[in-house]
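Fold and geometry: a report
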Amino acid sequence: MVLHLIGLTFDVADSVKNPEVLGISDERPVKIPNLLEVFAFAYYPPTVIIGPQFSFKRYSNFLDNKFEGTKFMEYGFKRFATGVCYLAAYQGESFNDLHVA
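A quick note: this is a predicted structure, and the numbers were derived from the prediction, not measured.

1. Here we look at the packing of aromatic side chains
Within a pair of aromatic rings, the relevant descriptors are the distance that separates the centres and the angle that separates the planes. Per the stated rule, a full pass over the model turns up 3 aromatic pairs. For the ring pair Phe41 and Phe56, a centre distance of 5.3 Å and an interplane angle of 85° mean the geometry is edge-to-face. Of this pair, Phe41 sits in helix α3 (residues 35–42) while Phe56 is found in helix α5 (residues 56–63), placing the two residues 15 residues apart along the sequence. Pair check on accessibility: Phe41 and Phe56 agree, each one buried. Judged by centre distance (6.2 Å) and plane angle (10°), the rings of Tyr86 and Tyr90 are stacked. Here Tyr86 pairs with Tyr90, and both are found in helix α6 (residues 72–100), just 4 residues apart, close to one helical turn. Residue Tyr86 is classed as exposed on the basis of its relative accessible area of 59%. Taking relative accessible area as the criterion, Tyr90 reaches 48% and is therefore assigned partly exposed.

Take a look at the structure:
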């Protein structure tokens, strides 16, 4: 959670800088969040439990239904299939080791 809040601090610090200094086209990277938004971002359950790091701008886009991840089901199935293949290979190898001796 500390890394998450450090990232938020950098996002907010960048949002008060001049856009020409940052080399970006839009006005600000993120809007400055209020206290409720900071707590919601800090204690968002998937980030507290699992720990992926993402920016506050991505989080606010998710809340505004502007999330750019449109192929999430495809990515999820690929990761699930990879995990099943790995599990089957690992379990098959350990099963063969038990019967060899």
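2. A few points about the pattern of salt bridges
As enumerated under the stated definition, the model contains 1 salt bridge in all. The partner of Lys78 in a salt bridge is Glu74, with the nearest N and O atoms 3.3 Å apart. One end of the pair is Lys78 and the other is Glu74, both in helix α6 and 4 residues apart, which spans about a single turn. Judged by its relative accessible area of 39%, Glu74 is partly exposed.

3. Comments concerning helix α1 (residues 2–15)
Over its 14 residues, α1 extends 20 Å from the first C-alpha to the last, a length consistent with the 20 Å expected when each residue adds 1.5 Å. His4, Leu8, Asp11 and Ser15 are the residues of α1 that are buried. Relative to the axis of α1, the buried residues are bounded by an arc of 60° and lie together on one face. Projecting away from the buried face of α1 at angles above 90 degrees are the exposed residues Val2, Leu3, Thr9 and Phe10. Buried residues belonging to α1 abut α3, α4 (45–49) and α5.

4. Points about α5
Within the sequence span of α5, burial applies to Phe56, Tyr59, Ser60 and Asn61. Elements that come into contact with the buried residues of α5 comprise α1 and α3. Positive phi shows up at Asn65, right after α5, with a value of about 60°.

5. Brief notes about the packing of α1 against α3
Two elements in contact, α1 and α3, have axes whose closest approach is 10 Å; the angle formed by their N-to-C orientations is 140°. Relative to α3, the element α1 is oriented oblique. α3 is crossed by α1, and the crossing has right-handed handedness. Across the interface between the two elements, His4, Leu5 and Leu8 from α1 touch Val38, Phe41 and Ala42 from α3. Looking at the contact of α1 with α3 residue by residue, the classes come out as 5 nonpolar, 1 polar and no charged.

Reading the values: rules and limits
Numbering of residues starts from 1 in each chain and follows the order in which that chain's sequence is written. Only residues with pLDDT of 70 or above have their local features reported here, since the model is predicted, and side-chain atom pairs are shown and tallied only from 80 upward, although totals for entire chains, interfaces and linings are computed over all residues. As a rule here, side-chain values come from all non-hydrogen atoms in the structure, and water together with hydrogens is ignored. The aromatic pairing rule takes the rings of Phe, Tyr and Trp, using the six-membered ring of Trp, and pairs them if the centres are within 6.5 Å, calling planes under 30 degrees apart stacked, those over 60 edge-to-face and the rest tilted. Each helix is a run of DSSP H or I of at least 4 residues and each strand a run of E of at least 2, with the numbering of both proceeding from the N terminus. With a 1.4 Å probe rolled over the protein chains alone, any residue whose accessible area is under 20% of its type maximum counts as buried; one over 50% counts as exposed, and the rest are partly exposed. Salt bridge, as applied in this entry: a Lys or Arg side-chain nitrogen positioned within 4 Å of an Asp or Glu carboxyl oxygen. The span one expects for a helix is its residue count, reduced by one, times 1.5 Å. Along the arc lie the directions from the helix axis toward the C-beta atoms. Contacts are assigned to residue pairs with any non-hydrogen atoms lying within 4.5 Å of each other. Under this scheme, a helix contributes an axis fitted over its contacting stretch, all axes are lines through C-alpha atoms, and angles between N-to-C directions fall in the 0 to 180 degree range. Note on angle classes: values under 35 degrees are labelled roughly parallel, values over 145 roughly antiparallel, values of 65 to 115 roughly perpendicular, and the remainder oblique. Less than a right angle of anticlockwise turn of the near helix away from the far helix marks a crossing as left-handed, whereas a clockwise turn marks it as right-handed. As a working rule, the residues Ala, Val, Leu, Ile, Met, Phe, Trp, Tyr, Cys and Pro are called nonpolar, Asp, Glu, Lys and Arg charged, and the rest polar, with Gly in that last group.

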